[in-house]
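Notes for the structure review
As a plain string of letters, each chain reads:
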Amino acid sequence: FSSGATLGQANGWRTFSGTAGRTVTLKLTAVSIGTSCCSSAKVSVLRPDGTTLVSPTNFGTTGKTLTFSLPASGVYSIFVDPQSNGVGSVTLAVS
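Residues numbered from 1 in each chain as written. Predicted model: local features only at pLDDT ≥ 70, side-chain atom pairs only at ≥ 80, totals over all residues. Heavy atoms only, no water.

Within the secondary structure, S44 is located in strand β4 (residues 41-46). Other than its neighbours up to four places away in sequence, S44 contacts V54, S55, P56, S77, I78 and F79. (Helix = DSSP H or I, 4+ residues; strand = E, 2+ residues; numbered from the N terminus. Contact = heavy atoms within 4.5 Å.)

Here's what the structure looks like:
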């Protein structure tokens with residue numbers, strides 16, 4: 001799964017299907033949101049029931065890689081939240 005998300009001053013959502021017990025790597029690359037190397041936006045991941053799996057984590061123009069285990073099978077949501085007046089895009093890849 002790989003998806004580009006172009007964001008104005010709005011949040012972005014993407015989803016992916018996962019299987020319980022699987023370890024997932026989420027890579028955020030080609031970031032053009034804001035100008036900070038490490039805090040232009042935040043990313044979080046929600047479980048299929050809507051509760052937080054990965055708490056909001058800062059990332060910036062240098063991107064970010066997160067690794068986490070899936071506690072249940074179902075559809076997970078990735079939430080990208082640009083900070084301040086951040087606009088731009090980010091490529092998300094789940095493997």
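Moving on, there is more to tell.
Working definition: an aromatic ring pair is given by the centre-to-centre distance plus the angle between the planes. A complete count under the given rule lists 2 aromatic pairs for this structure. Consider the rings of W13 and F79, whose centres lie 4.5 Å apart with planes at 40 degrees: the pair is tilted. On the criterion of sequence distance, the pair formed by W13 in strand β2 (residues 12-18) and F79 in strand β7 (residues 74-82) is long-range, its members being 66 residues apart. For W13, a relative accessible area of 45% gives the class partly exposed. (Phe/Tyr/Trp six-rings, centres within 6.5 Å; stacked < 30°, edge-to-face > 60°. Buried < 20%, exposed > 50% of the residue type's maximum accessible area, 1.4 Å probe, protein only.)

One non-glycine residue with positive phi stands out, namely A30, at about 50 degrees. Structurally, A30 is set in the loop between β3 (23-29) and β4.

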